[in-house]
Amino acid sequence: MKQKLALASWVVAVILSVVALLLPPTGVIDHSVIILVAQFLLLCATFLGVDSYVNMIKSHHGKSEENRLQ
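Structure report, in brief. Residue numbering note: each chain is counted from 1, following its sequence as written. In keeping with the predicted nature of the model, local features appear solely for residues at pLDDT of at least 70, side-chain atom pairs appear and are counted solely at 80 or more, and the whole-chain, interface and lining totals rest on all residues. Only heavy atoms go into the side-chain values, all of them from the structure, while hydrogens and water stay out.

**A look at the overall build of the protein**
- Starting at the N terminus, helices and strands are each numbered in turn, a helix being any DSSP run of H or I of at least four residues and a strand any DSSP run of E of at least two. Looking only at helices and strands, the protein has three helices and zero strands in total.
- When the elements of the protein are put in sequence order from the N terminus, they spell out α-α-α.
- Residue burial is assigned from relative accessible area. The probe radius is 1.4 Å, only protein chains are included, and a residue is buried under 20% of its type maximum, exposed over 50%, and partly exposed in between. In the protein, which comprises 70 residues, the share counted as buried stands at 10%.
- Taken as a whole, the protein presents about 5,800 Å² of accessible surface, with 70% of it coming from carbon and sulfur. Only the protein chains shown count as covering a residue, and every accessible area follows the Shrake-Rupley method with a 1.4 Å probe.

**A look at helix H1 (residues 2–22)**
- Its 21 residues place the ends of H1 30 Å apart at the C-alpha level, agreeing with the 30 Å of an ideal helix rising 1.5 Å per residue.
- In what follows, a contact means two residues having at least one pair of non-hydrogen atoms within 4.5 Å. In this structure, the buried side of H1 is in contact with helix H2 (31–47). In this analysis, the expected span of each helix is defined as 1.5 Å times one less than the number of residues it contains.

**Observations concerning a nonpolar patch on the surface**
- Together, Leu7, Trp10, Val11, Val14, Ile15, Val18, Val19, Leu21, Leu22, Leu23 and Leu41 make up an exposed nonpolar region whose accessible area comes to about 960 Å².
- For the nonpolar patch, the leading source of residues is H1, giving nine residues.
- Within the fold, Ile15 resides in helix H1. Surface patches are drawn from residues lacking salt bridges whose relative accessible area is over 30%; two like charges belong together within 9 Å, two nonpolar side chains (Val, Leu, Ile, Met, Phe, Trp, Tyr) within 5 Å. For this analysis, a salt bridge means a side-chain nitrogen from Lys or Arg found within 4 Å of a carboxyl oxygen belonging to Asp or Glu.

**Details of the side chain of Ser9**
- Tracing the sequence through the fold places Ser9 in helix H1.
- Judged by relative accessible area, Ser9 falls into the buried class, the value being 5%.
- Not counting residues up to four positions away in its chain, the partners in contact with Ser9 are Phe40, Leu43 and Cys44.

**Some thoughts on unusual backbone geometry**
- Between Pro24 and the following residue, Pro25, the backbone shows a cis peptide bond with an omega angle of -10 degrees.
- Within the secondary structure, Pro25 sits in the loop between H1 and H2.

**Topic: the packing of H1 against H2**
- With axes taken as lines fitted to C-alpha atoms, and helix axes fitted only over the stretch in contact, angles between N-to-C directions fall between 0 and 180 degrees. Two numbers describe how H1 lies on H2: the axes approach to 8 Å, and their chain directions differ by 160 degrees. Comparing their axes, H2 and H1 come out roughly antiparallel. As for the relative orientation of H1 and H2, their crossing is left-handed in sense. Between H1 and H2, the residues in contact are Lys2, Leu5, Ala6, Ser9, Trp10, Val12, Ala13, Leu16, Ser17 and Ala20 and Val33, Leu36, Val37, Phe40, Leu41, Leu43, Cys44 and Phe47, respectively.
- Class assignment of the residues belonging to the contact of H1 with H2 gives a composition of 15 nonpolar, two polar and one charged. When describing relative orientation, an angle under 35 degrees is termed roughly parallel and one over 145 degrees roughly antiparallel, while 65 to 115 degrees is termed roughly perpendicular and anything else oblique. A crossing counts as left-handed when the near helix is turned anticlockwise from the far one by less than a right angle, and as right-handed when that turn is clockwise. Each residue is assigned to one class: nonpolar for Ala, Val, Leu, Ile, Met, Phe, Trp, Tyr, Cys and Pro, charged for Asp, Glu, Lys and Arg, and polar for all the others, Gly among them.

See the structure below:
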């Protein structure tokens, strides 16, 4: 289910960015569209577990910092 939602949010982000490029003025994307596309891509990454992976790397890096300081 998460994979389907991730794929759907990625497709929506791509379609939204293409439509924004094609609307007048052609080739200019408003900042609100860019923010919305970024949110859809972040949602996609969260569903795919990228957030958990980044947190795991940060916690591992934090532990190595603590060991270095001791």
